[in-house]
Structure formats: C-alpha cells, structure tokens
Amino acid sequence: MGQAFDRVFGPEAPVRVVAWDGSEGGSPDGLVLRLTSPEALNHVLTAPGDLGLARAYLLGDLLIEGIDEADPYEVLRVIGDGLTPRRPTGHDAVELARFLAHHPPHPPTLPREETPSRVRRLGQGLRHARTRDAAAISHHYDVSNAFYEKVLGPSMTYTCACFPTDGATLEQAQAYKYDLVAQKLGLRPGMRLLDVGCGWGGMVRHAVTHYGVTALGVTLSREQAGWAQSAIEAEGLSGRAEVRHADYRDVTERGFDAISSIGLTEHIGVGNYPAYFRFLRERLRDEGRLLNHCITRPDNRHAGLPERGFINRYVFPDGELTGSGDIVRVMEDEGFEVRHHENLREHYARTCAAWNANLAKHWDDCVELAGLGRARVWGLYLAGSRLAFERNEIQLHQVLASRTSHEGVSGFPLRPRVEPEGVRGA
C-alpha cells in the first residue's frame, strides 16, 4: 500500500501513510494517515475524492493523527494542497494495475449519516417535489435545536454573517448582517415583510424588534418553526411576528412591502429558479423589494454540489449551486429590476471558522446531542466550507431587486444607503 501511494502521489507528498499491511508511503515527517484495513482503500477506489475519504474517516478505517475533529481545517488544508495525483510512468501503471488486481473494488459499507443516492431517494418523490424537499430539509435542520444552539451561538443564525470590523464577534456580525438586509430592503415601521426559508426566525424577530415591521417567516423544518415560535412568544412579539412550518409555495398572502430570502435558493434547484422568483414577485406590491442571499459558484458554467460529493450525501441532499450571473439573469427575466449586487465570500469563511470554534468549545455536548458521526460530519463540513470560501471555490452573493411598476417607478431614492448606519441588537 505504501509503495502504491508513492507511485500515485510521490514520496514527497506532505502526508505519511501507514497501512494495515505494515507498509508506509509519503514523507516521513508528514501528517500521519493510518489506514486500518483494506476497506480504507476500497472507499477511495469506489468514491474517489472527498466522499471516499469521508466514508473511511467516519467509519474508522482512516485515522488521522493529531486531528481536531471539531475543526479539521489544518488537516483538510494539507490534504487539499498536497495530495495531487501524478501522471504515472508506464512501469508505475503496470505495478499499480497488479496491486489493484489484489484489491478489487466492491460495494462499500456506508456510514449511517450518509443519505441515499438520488436514484434511491426517488421513493421520496422527484427531485425538488414538496415531499422530497421536506425530507432533505429535515435531514439537515432537524438534527437537534440544542445542537444548533451550541454550534451557531445565541443568534441561532445559520447563514453568512457580515463582519463590520476585524475584531467583531460572531453575534455582532450576525446582527450587522440582519441590519444590512433590513436597510437594503428599506424597512420602516408599518411595513410587511415575508422571510422565506426563515430558519429559527432571526430575521423575522430582528426586523420586528428593531424596524417596527410585521413579519411572516416560513420554514420546512418543524424543529426550526417550533423553536422560532417559542422565541417570538418569549420576546413579546406575538401578533407582529409569525413563523410557519410550511413550504414557501403555500404562502397565499400578497402585497408584501419586502421579501428576504436568506439561504433558501441553494435548496430550490437551478431549474426551478424561474418559478421561484416569479412566485416571490407575485407576493410583492409594486415598488416592493426582494433581497436574495445565497451561496453561489464563482462561474456560471455548471451547477455545483456533485451528486457523488460529500456535501450532497452528508449535508445538503439535492442541493444545487450556480453563479450569481445566472441568478441575476433569471430575476430580470421574471420581471425584477436588479438594483444592487454584493459578494460576501470572505465573510462566510470567517463565519464558518467561528462555527467550528463553537463546535470545538462544546464538542462533548454536541457529540452527546447528535452522535459522534454527525459531529464529525459537521467538523468536516464547516472546515471544508471555510477553505472553499477562502479559495474562491464558492461565494456568497446578495442581490437586491425591485418589483418596479409599469410606469418605471422602482421605489429607490437616487442614492440608496446599502450599509447599516449602526448595528441594532448586537
């Protein structure tokens, strides 16, 4: 196994592989990866890349010396930077073929945290059908409210924060993000806000408390809706704020002054964007504003989140990403006038780092609440996402648009403010 590793990655690779057969490969001073059984190799052969490595790690077939399971950022950085396959020589190719003949791939055992493939999920309905969307959302968000309280912190906000200064805390940055959204939307007392994919109701409660609006939030997660309604009642916001356990497509009210969509578009499906933005436009009054906030690809050539990737199988089943240009194009095609467009990529890297730190601080509690496997998944997911944002492999875009009237009235002043005057509620 050690020789096979050297033939593929080179003996100078920044890791040291110690295999079940007693062999070693890679750099003697590198990060130590222990392959405890041939199943570790089988995982990599049957699912090359992050999915196979994650399976081996979660099942204990791959042990990584010195890893911080709550924040494996440094481990992922080393593996991502250093494990680049080389083009094998003819002799190497022959030797590798002989090696693999003794270790033929076979269907692997899967960790219980992994969701089935898309084909096997057909029993829940077609992709992005209501029942299947509900199952996908439940897989990720209905883990445990107590678990999320430990990871997300007091704001219970599971979307990109916006850090006003280098030294801002996560809570200050989340409050600043809500202010950024509220002021881009031009919220004022007496307005009606719809927040689709509202999570635990953070935007709803912030907008009602600090901007004097009435707000309706909808989420497909029963756990989120229950937590949010309890928080609304505890904060004395009943009658002005509501969070429903419902599909956003079940909202029948119209004439909203503003709509915020913060972290929902990733779950919609690229092919459903036209219907999605058409639906939201129909819920707005003329001159009403939409703020769409979502993770994007750095290009518009292909949808992100490969089906056989770690994120799709362990974090966001059926999730899809595309570039911000595609989102803007569809919004415009569906009658919105785009007024402002902003990329918060670096802020999401910082947000993920803060969530990893929370997970590490409360590791034992998180393991007790969600299980060791789920906690490990979260460590990998957050640290891997941080790296991806840092390296511009994914981005976070806010796109602000208006339902401009037939007479061409957008409702925007000549020079609208797009930065909060001051952080409310931090």
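Scroll up for the structure.
Residues numbered from 1 in each chain as written. Predicted model: local features only at pLDDT ≥ 70, side-chain atom pairs only at ≥ 80, totals over all residues. Heavy atoms only, no water.

**Notes on the sheet that holds strand β5 (residues 192–196)**
Here comes step 1: Strand order in this open sheet of 7 strands is β7-β6-β5-β8-β9-β11-β10, and the pairing throughout is mixed. Two strands bound the open sheet, and with one partner strand each, they are β7 (241–245) and β10 (337–343). Between one strand axis and the next, the sheet turns by 15° as a mean value, whatever way the strands run.
Here comes step 2: Of the pairings in the sheet, the one linking β10 to strand β11 (residues 395–402) comprises 6 bridges and is antiparallel in character. Residue pairing for β11: His 341 is matched across the bridge by Val 399.
Here comes step 3: Helix α12 (residues 273–283) rests against β5, β8 (256–262) and β9 (284–296) of the sheet, and its axis sits at about 145° to β9. (Pairing = 2+ DSSP bridges. Helix = DSSP H or I, 4+ residues; strand = E, 2+ residues; numbered from the N terminus. Axes fitted to C-alpha atoms, helices over the stretch in contact; angles between N-to-C directions. Contact = heavy atoms within 4.5 Å.)

**Some thoughts on the sheet that holds strand β4 (residues 62–64)**
Here comes step 1: Strands sit in the order β2-β1-β3-β4 across an open sheet of 4 strands; the sheet is mixed. The open sheet has two free edges, formed respectively by β2 (24–26) and β4, since each of these has just one partner strand. Between one strand axis and the next, the sheet turns through 20° on average, direction left out of account.
Here comes step 2: The sheet contact formed by strand β3 (residues 31–35) and β4 spans 3 bridges and is antiparallel.

**So, the packing of helix α16 (residues 363–370) against helix α17 (residues 372–390)**
Here comes step 1: Across the interface, α16 lies against α17 with an axial gap of 7 Å and an inter-helix angle of 125°. Comparing their axes, α17 and α16 come out oblique. In this structure, α16 contributes Trp 363, Val 367 and Ala 370 to the contact, and α17 contributes Leu 372, Arg 374, Ala 375 and Arg 376.
Here comes step 2: Of the residues assigned to the contact of α16 with α17, the class counts are 5 nonpolar, no polar and 2 charged. (Parallel < 35°, antiparallel > 145°, perpendicular 65-115°, else oblique. Nonpolar A, V, L, I, M, F, W, Y, C, P; charged D, E, K, R; others polar.)

**Side note on the pattern of salt bridges**
Here comes step 1: By the definition in use, this model includes 26 salt bridges.
Here comes step 2: Residue Glu 235 pairs with Arg 205 through a salt bridge whose shortest N-O separation is 2.9 Å. Of the two residues, Glu 235 is situated in the loop between α10 (222–234) and β7 and Arg 205 in helix α9 (residues 202–211); the sequence distance between them amounts to 30 residues.
Here comes step 3: Judged by its relative accessible area of 10%, Arg 205 is buried. (Salt bridge = Lys/Arg side-chain N within 4 Å of Asp/Glu carboxyl O. Buried < 20%, exposed > 50% of the residue type's maximum accessible area, 1.4 Å probe, protein only.)

**Section: the pairing of strand β1 (residues 15–18)**
Side-chain positions along a regular strand alternate between the two faces of the sheet.
Here comes step 1: The alternating pattern of β1 places Val 15 and Val 17 and Arg 16 and Val 18 on opposite faces, both of which are buried.
Here comes step 2: The sheet contact formed by β1 and β3 spans 4 bridges and is parallel. Across the sheet, residue Arg 16 finds its bridge partner in β3, namely Val 32.
Here comes step 3: With 3 bridges joining them, β1 and β2 adopt antiparallel strand pairing. Bridged to Val 17 within β2 is Gly 25.
Here comes step 4: Turn length for the β1-β2 hairpin, with the two strands adjacent in sequence and antiparallel, is 5 residues, and the turn residue Gly 22 shows positive phi of about 90°.

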